[in-house]
Amino acid sequence: MFIASCFVLLFSERCRNGPQVTVSDWMNITQQNLQKATTQLENSFQLRSVVNGILAQVASNLKTSVDVTNLAFNRRMEEIREAKGKLEQQKSETTVKIQEVENTIQSLEQALMAKQGPLATCQAKIQQRKLRPGFELCRDEVDEQLAREQKNLLEIINKLEGGILQAKHCFGGLQKTLLELEDEISKKANSIYIDEVKCGTLRKSIAINMY
């Protein structure tokens, strides 16, 4: 612009004094202006090249970061799915075991009820034999056998009652475990939903312009 201004001033001055600008002067000034414009264009091209390089590097770094993050997401979701599968398998096994223990409790209770009748009969016989008169009230072999029978029945009943108590305790523990497993499975399912659906949808919207 400065050179162009000088040219205009020089041209205006010389126009007042007469047409004294030579063709050579005009060509030199014009060439200088063209050279300056060419230099500015080259500088702008170089700047554009530098900017494009920076943008390309940023895009490349961002793509690498996104790929690494996606890989981490996929690996983590696979881990959660695997853990959820193991929990579901354990839940299935626990459900089967609960049914088995419940059946065991029913069998023990039935066996316990089945022994109550014979015990009552045995004890009734013992009480009846105590009513024998005089010398007939002696401790004979029948008394001893009834005493042994009563003792055996009481031992069996005590074992059955202990087994029922232990089985019910086991049943309660299994029920608690089942609830905990269901809670953990629900949490794993929620984690998968967040990472796969919510975060996955958001990450799919990421657009990277490669330069």
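Computed from a predicted model, the values in this text were never measured in an experiment. (Residues numbered from 1 in each chain as written. Predicted model: local features only at pLDDT ≥ 70, side-chain atom pairs only at ≥ 80, totals over all residues. Heavy atoms only, no water.)

> Is there a simple way to think about the overall build of the protein in this case?
If you tally the helices and strands in the protein, you get three helices and zero strands. Counting helices and strands in the order they occur from the N terminus, the protein gives α-α-α. The 211 residues of the protein split such that 17% are buried. Partitioning the contacts of the protein with sequence separation of at least 6, the portion at a separation of at least 24 is 84%. (Helix = DSSP H or I, 4+ residues; strand = E, 2+ residues; numbered from the N terminus. Buried < 20%, exposed > 50% of the residue type's maximum accessible area, 1.4 Å probe, protein only. Contact = heavy atoms within 4.5 Å.)

> Even after reading the chapter, I still don't get the nonpolar core, so can you show me in this structure?
Within the largest apolar cluster, 16 residues are counted, with the highest numbers of intra-cluster contacts made by Val101, Leu108, Leu112, Cys122 and Ala167. When residues of this core are traced back to their parent elements, those giving at least two are helix 2 (23-129) and helix 3 (141-204). Among all residues touching Val101, those that are not within four sequence positions of it are Ala167, Cys170, Phe171 and Leu174. (Core = buried A, V, L, I, M, F, W, Y, C linked by side-chain atoms within 4.5 Å.)

> So what exactly am I meant to see when it comes to the environment of Gln89 here?
On the secondary structure map, Gln89 appears in helix 2. Residue classification places Gln89 among the partly exposed positions, given a relative accessible area of 46%. When the C-alpha atoms of Gln89 and Leu181 are compared, they prove to be 10.0 Å apart, with 92 residues separating the residues in sequence.

> Before we go on, may I ask you to explain the environment of Ser186 in this structure?
Counting through the fold element by element, Ser186 comes out in helix 3. Each C-alpha atom of the pair Ser186 and Lys84 lies 8.8 Å from the other, and the pair is 102 residues apart in sequence.

> For this particular structure, what's the right way to read the confidence of the model for the protein?
Any residue range with low pLDDT should be treated as having predicted coordinates unsuitable for detailed reading. Overall, the predicted model of the protein reaches an average pLDDT of 82, with 85% of residues at or above 70. Within the protein, helix 3 carries the highest mean pLDDT (91), whereas helix 1 (residues 2-17) carries the lowest (47). In the model, residues 1-11 has pLDDT below 50 throughout and makes eight contacts with residues more than four positions away in sequence or in other chains. (pLDDT = per-residue confidence, 0-100.)

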